[in-house]
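Close look at the chain arrangement
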Amino acid sequence: MAESRPPEPSPGAEPSGVDLARVALRAAKEQARARGAAAQQKKQARRGGLRSGARADGRDPLPLGAAINRLITERGWEAPAAVGGVMGRWPQMVGPEVAQHCEPQRYDEDARVLTVQCDSTAWATQLRLLAPQLVARLNADLGQGTVKMIKVLGPGGPPRRFGPLRSPGSRGPGDTYG
């Protein structure tokens, strides 16, 4: 059964008592609805916010691996994280003999350069010769263009000495100027 409504008063005529009562009732209902919604929000805030129901939604806790993958994706850390994984798997990527003498140091994401330190100049030369194949292997594993170049560093030598006489703790001739 459909509810019949009386006709709305014309805009020029003054509202009668019944029309005024309807307008007042409608305003009171809207105010009550707004107060109820505000009270519901306060109650939920006291309880600790919205609670999850039987079905999965965005408020449910995530497994640690999924949360980390989501964080990596949101922050745009896919390439550095992948290269970090390669640094952990370095012996499998280059072989145990090369990994024993050459160690990855850092990855420059902007230039897409992987820096590798070798313990002798012979191994540094060997790795420079293997660099094109290694870049191809890394890009096949990580995605094309992730590594553009491998920068090979030789062994680090002892600090340089400037002259036979030095004062303890000095850093050379530059430590007296400013």
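Residues numbered from 1 in each chain as written. Predicted model: local features only at pLDDT ≥ 70, side-chain atom pairs only at ≥ 80, totals over all residues. Heavy atoms only, no water.

1. Some details on the sheet that holds strand E1 (residues 102-108)
Ordered in space as E1-E2-E3, the three strands form an open sheet in which the pairing is mixed. The two strands at the open ends of the sheet, each matched to only one other strand, are E1 and strand E3 (149-153). Going across the sheet, the axis of each strand differs from the next one's by a mean of 25°, ignoring polarity. Contacts from helix H3 (residues 78-88) reach E1 and strand E2 (113-118) within the one sheet, and its direction differs from that of E1 by about 175°. Contacts from helix H6 (residues 121-142) reach E1, E2 and E3, with the element oriented near 160° to E3. (Pairing = 2+ DSSP bridges. Helix = DSSP H or I, 4+ residues; strand = E, 2+ residues; numbered from the N terminus. Axes fitted to C-alpha atoms, helices over the stretch in contact; angles between N-to-C directions. Contact = heavy atoms within 4.5 Å.)

2. A closer look at the environment of glycine 156
Following the sequence through the fold, glycine 156 ends up in the segment after E3. C-alpha of glycine 156 to C-alpha of aspartate 119: the two residues are 37 residues apart in sequence and 8.0 Å apart in space.

3. Quick notes on H3
Among all positions of H3, only Ala79, Val83 and Val86 are buried. Projected onto a plane normal to the axis of H3, the buried residues spread over an arc of 50° and lie on a single side. Packing partners of the buried residues in H3 comprise helix H4 (90-94), E1, E2 and H6. (Buried < 20%, exposed > 50% of the residue type's maximum accessible area, 1.4 Å probe, protein only. Arc of directions from axis to C-beta.)

4. A few points about the environment of cysteine 102
Looking at the element boundaries, cysteine 102 is found in strand E1. Once the C-alpha coordinates of cysteine 102 and valine 152 are considered, the two residues, 50 residues apart in sequence, prove to be 9.0 Å apart. Residues in contact with cysteine 102, not counting those within four places in the same chain, are Trp90, Val116, Gln117, Cys118, Trp123 and Leu127.

Scope: geometric values only; no functional claims are made or implied.
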